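Residue strings, one per chain:
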Amino acid sequence: MTDTLLSPMSLLAELTHRCPLQCPYCSNPLALEPRRNELSTAEWISVLDQAAEMGVLQVHFSGGEPMSRPDLPDLIRHAVGLGLYTNLITSGVLLNEKTFPVLVEAGLDHVQLSFQDIDTANAEHVGGMKGAQARKIEAARLIAADGMPLTLNFVIYRENACRVPRMLEAAVAMGARRVEIAHTQYYGWGLANRAALMPTPAQLEQTTQAVEAARKEYEGRLSIDYVTPDYYADRPKPCMGGWGRRFINISPSGRVLPCHAAETIPNVTFPDVRTDTLEHIWREAPLFTMFRGTDWMPQPCRSCDQREKDWGGCRCQALALAGNAAATDPVCSRAPDHGRVLEVLETLPVEPPPFRYRRYTRATDEVG
Amino acid sequence: MTGTGLTDDSIIRFARGVRLQHDRVRERWIIQAPERAFIPDPIAAEVLKLVDGTRTLGQIVSELASRFAAPVDVIGRDVHVMVSDLTTRQVLVVS
């Protein structure tokens, strides 16, 4: 058994970039994919077959809003038949008493439902869709009533950081088993809106305390995943568990990526499931091999005792902050470019600027 | 929550959305759960293979005791601790 440890564990299937919401921290790239470029049902089925064969255990159906794809139940059913664990990452605005039972019947294992805030007015200001909050709450009710495990996802930013205790209370009340309190990640749209989203150190401390208190209070009932903003850390995160080690992301048009932000990496060809096999891409494509392992590392990573723990941090963050994807993640206090992070934090505006919204209409020349 | 109400008559089952599955590529057992998969140690895997929603904890213990020719009270203690831990982690539920 040669290097089976290097088989991917997890597949993020970004079925579409279409979405009724316009969140200014969206993890999709700035250049959104038009509908006409999306993979067909048959192409996604082939991706699922290949992924299962390679050893992927869990498939996360995401977007955009994955429920915009009418073939979602068929893809879930197919993945279930392959023994894959199926997770739906959704805004919930299209999940209702007509659409949800079809997903249950298809064998869906779990739903991750996102909320922009627990305060309705601000949630709808951030998501850009009136009436979205009521639809999400109804979605949560339907999922909990069915008994399917439910994770709520709250992205945390400057405006909603003070409401983490209310979010956690609401998660329990809505019957969620897990909740993610995840500070914004500053890539793509999040990076474009960084000055409006980045919390202050005091806000970060507040959210950390709220999470710690809730972990004690709700032990055994609610598990809490807490993600802090990288910019306030001393050591970088082991992004994706290491580049090309555990995780594959497929974009709506079939590009195969080591993470959802990897399309920012310059001077490299993006492999494509329409023209190559997943197995060959995973093992051989330059995009996957260029930062895999430790050989690519510069100093101080190369001689650092953390090099096989954090894998040098995040390549896309190195690119965004240091202008070089092969640099040590500037989040690391040992990085030559760490000053860039401090500079961002020291120059945060007192009044946050208005959002630059993620509007799907920018992606497409299609009407309606 | 730890250790609440577990007796030999308790019937245990997997929480919805959690299952034991054989990973044929890596040739090992895994627990599939919401947004994570983890590897049970070999003893936990033997216990979990017997969790079917009908067996009681007592039945699981005596089956393991006879299979591994070990004293029931020793196996019983270990299995109770393990099941209680997996209940707290929302892997198992007690009916």
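In the annotation of an unreviewed UniProt entry, chain B is listed under the name Pyrroloquinoline quinone biosynthesis peptide chaperone PqqD and assigned to Komagataeibacter rhaeticus. The Subunit (unreviewed entry) field of the UniProt record for chain B holds the comment "Monomer. Interacts with PqqE." Note on chain B: under the UniProt heading Pathway (unreviewed entry), the record states "Cofactor biosynthesis; pyrroloquinoline quinone biosynthesis."

Per an unreviewed UniProt entry, the recorded name for chain A is PqqA peptide cyclase, and the organism is Komagataeibacter rhaeticus. Under the Catalytic activity (unreviewed entry) heading, UniProt states for chain A: "[PQQ precursor protein] + S-adenosyl-L-methionine = E-Y cross-linked-[PQQ precursor protein] + 5'-deoxyadenosine + L-methionine + H(+)". Quoted straight from UniProt, the Pathway (unreviewed entry) entry for chain A says "Cofactor biosynthesis; pyrroloquinoline quinone biosynthesis."

Concerning the sheet that holds strand β4 (residues 36-38) of chain B
Residue and element names in this part refer to chain B. What the 3 strands build is an open sheet, ordered β2-β3-β4; its pairing is antiparallel. Both outer strands of the open sheet, β2 (19-23) and β4, are each paired with one neighbouring strand and no more. Each strand axis lies, on average, 35° off the axis of its neighbour in the sheet, ignoring direction. Of the strand pairs in this sheet, strand β3 (residues 28-33) and β4 are connected by 3 bridges, and their pairing is antiparallel. Among the inter-strand pairings, Gln32 is bridged to a residue of β4, identified as Ala37.

So, the confidence of the model for chain A
For chain A, the mean per-residue pLDDT works out to 94, and 96% of the residues sit at or above 70. Throughout residues 364-368 of chain A the model reports pLDDT below 50, and contacts reaching past four residues in sequence, or to other chains, amount to 4 contacts.

As for the interface of chain A and chain B
Taken together, the contact pairs 21 residues of chain A with 14 residues of chain B. Taken together, the elements giving at least two residues each to the side of chain A that touches chain B come down to β3 (85-90) and β4 (110-115) of chain A. Looking at the side of chain A that touches chain B residue by residue, the classes come out as 5 nonpolar, 12 polar and 4 charged.

Analysis parameters
Residues numbered from 1 in each chain as written. Chains lettered and ligands numbered in written order. Predicted model: local features only at pLDDT ≥ 70, side-chain atom pairs only at ≥ 80, totals over all residues. UniProt positions renumbered as here; feature names shortened; annotations may be inferred. Pairing = 2+ DSSP bridges. Helix = DSSP H or I, 4+ residues; strand = E, 2+ residues; numbered from the N terminus. Axes fitted to C-alpha atoms, helices over the stretch in contact; angles between N-to-C directions. pLDDT = per-residue confidence, 0-100. Contact = placed C-beta atoms within 7 Å. Nonpolar A, V, L, I, M, F, W, Y, C, P; charged D, E, K, R; others polar.

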